[in-house]
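Report on the structure
Now for the letters of each chain:
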Amino acid sequence: MRRLALFLTVLAACSVLAAEKCDIGGKLHSLPSPEWMDGTFRKVADIRGNKKFAVLYIWRPDQAALADFPKITLVTEKFRKQVAFAGIAIAGKERIKRFPGALRLGFPINADNKNAIADAVALPAKSPVALVLDSQNTLLWSGATAALPMILQECLDGKFDLKEEIRKNQFTNAVNKAVREQKFAEAYQLLNGEWKKTCDSLELLNAQVLLLTRKLNRADDAFALLHEAQRKNPGKHLFFEAEYRLLGHPAHAKRVPDFFVRVKQNFRDQPGVLMAFAMAEMGRPAESLDLPLVLSLVEMGWRSKGFAKDTSRGLYALEYAKIAHTCGRVDIAAKLADIAVKLLKSDPKRQAGAKRAQSYYRKIQEIAPRFKPVDLKK
C-alpha cells in the first residue's frame, strides 16, 4: 500500500476533526490567514496561477522544519515548472524572519500565527506537512515531504487515484474515531480487514501490533500476526524488526532463540541485516548479552555470498572488528582492519577510516603488553 496515514491515539490524544474542515476530496479556495510575508494577498487560485497543481507546505519554526527544508527545496527545484508552491508558517512574521532558511525557500509564505489552517483543513498530526491541490482547488493529498515527489509525479502523469485516496482517508478517520472512543477491538478489526487485502503494509502491521499488545492484552495474537507477515514478505527485514522491538520486553525472552533461528534462515545471504541484528544485540545490558549469538550472526554474514562488491565486505569487516575489539580480541580486530584497508582501496574516503581503525588496533596491541598487574593491596 502506497500510503496510509494512521494517526492512532493509542499512546496520545487525537484531535477531533470538525465536520466543516476541508478533507481529502474537499475544496480549499482560500487560506484563513490574510498575512503574507511579502504583503501580497493570495487565494489558492492566485498561488496556482496557470499551473495544474499547487502545493501548500505547512510548517512550524522548529527542528523538524529545519531538517525538512532541504527536502522541500529539492522537490521545488524538480517540479517548479509544472507545480506552484506556497508555504504556510504557523508563526508570526517576526518569528518567520528570524527562522533560519525560511525566507530562502523560494516560494511565498503565509504567516498563520494562530494556526487557523488547522481549523480549515483536516491535517495529519505531524508537521511539516504538504497539501496537494488540483486546478479546481480540490484537496487531493496531504502527507510528509518524503512522499511528495511520488504523489506529484502521479498527478502529472494522470495516474493519481482520488477515489482510492478518499477511501483510505475515510478508513483512517474510522480507525481514529474507534481508538478515540476506546473501542480498541473495533479499531483492530478495521485494521486487520485492510491488512488482509495485501498483507504488505508495515504501517498497518505496526498499528495492529500496537493495539494487540498495549490495549487488548493479546500478545500471542500479535506474534502470530508478525510471523504471518514474515512468511508473506520473505526477505524483508523490516517485518522482522517489528518483532524484534517486542522481544525487548522481559515477558517475551523465551521467544528470542526461535526468532534468531528464523532470522538466520531468512537472511543468510544478507550480511547487512545479520550485522544490524548483531550490533543491536551488542547494545543489550551485560547480564542479558548473548555473545555466542552475536558471533554466530556476524560469522554467518562474513561467510555469506551476499556481498555485491569489495567495498561492502570491507565495511562489514570494520563492523566485525568493532565487535571483536569489544570482546577482547584486539588481534582479530587488527586483522579485520587490515582486510578492510585492502578491500576499500577503490573508496579513498572509507579506506582512510579503515586505516585509522587499523592504526588504533595496532597501537593497542603494542601497548597492551606494557601493562603490569596492579598491587591492589596498596
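Residues numbered from 1 in each chain as written. Predicted model: local features only at pLDDT ≥ 70, side-chain atom pairs only at ≥ 80, totals over all residues. Heavy atoms only, no water.

1. Considering the pattern of salt bridges
Across all of its chains, the model carries 20 salt bridges by this definition. Where K93 meets E35, a salt bridge forms, and the shortest distance between an N and an O atom there is 3.4 Å. On the criterion of sequence distance, the pair formed by K93 in helix α3 (residues 93-98) and E35 in the segment before α1 (44-48) is long-range, its members being 58 residues apart. One salt bridge in this structure joins E194 and R167, with 2.7 Å as the shortest N-O distance. Here E194, found in helix α7 (residues 184-198), pairs with R167, found in helix α6 (residues 162-180); they are 27 residues apart in sequence, far enough to count as distant. Taking relative accessible area as the criterion, R167 reaches 27% and is therefore assigned partly exposed. Put simply, E164, R167, E194 and K197 are held in one network by salt bridges that share partners. (Salt bridge = Lys/Arg side-chain N within 4 Å of Asp/Glu carboxyl O. Helix = DSSP H or I, 4+ residues; strand = E, 2+ residues; numbered from the N terminus. Buried < 20%, exposed > 50% of the residue type's maximum accessible area, 1.4 Å probe, protein only.)

2. Looking at the environment of R303
By secondary structure assignment, the location of R303 is in helix α13 (residues 291-303). Between the C-alpha atoms of R303 and D269, which are 34 residues apart in sequence, the distance is 8.8 Å.

3. What to know about the sheet that holds strand β1 (residues 53-59)
If you walk across this open sheet you meet the five strands as β3-β2-β1-β4-β5, and the pairing is mixed. The open sheet is flanked by β3 (109-111) and β5 (139-143), the only strands paired with a single partner. Across the sheet, the axes of successive neighbouring strands diverge by a mean angle of 20 degrees, strand direction being ignored. Bridging between β1 and strand β4 (residues 129-133) involves five bridges; their strand directions are antiparallel. (Pairing = 2+ DSSP bridges. Axes fitted to C-alpha atoms, helices over the stretch in contact; angles between N-to-C directions.)

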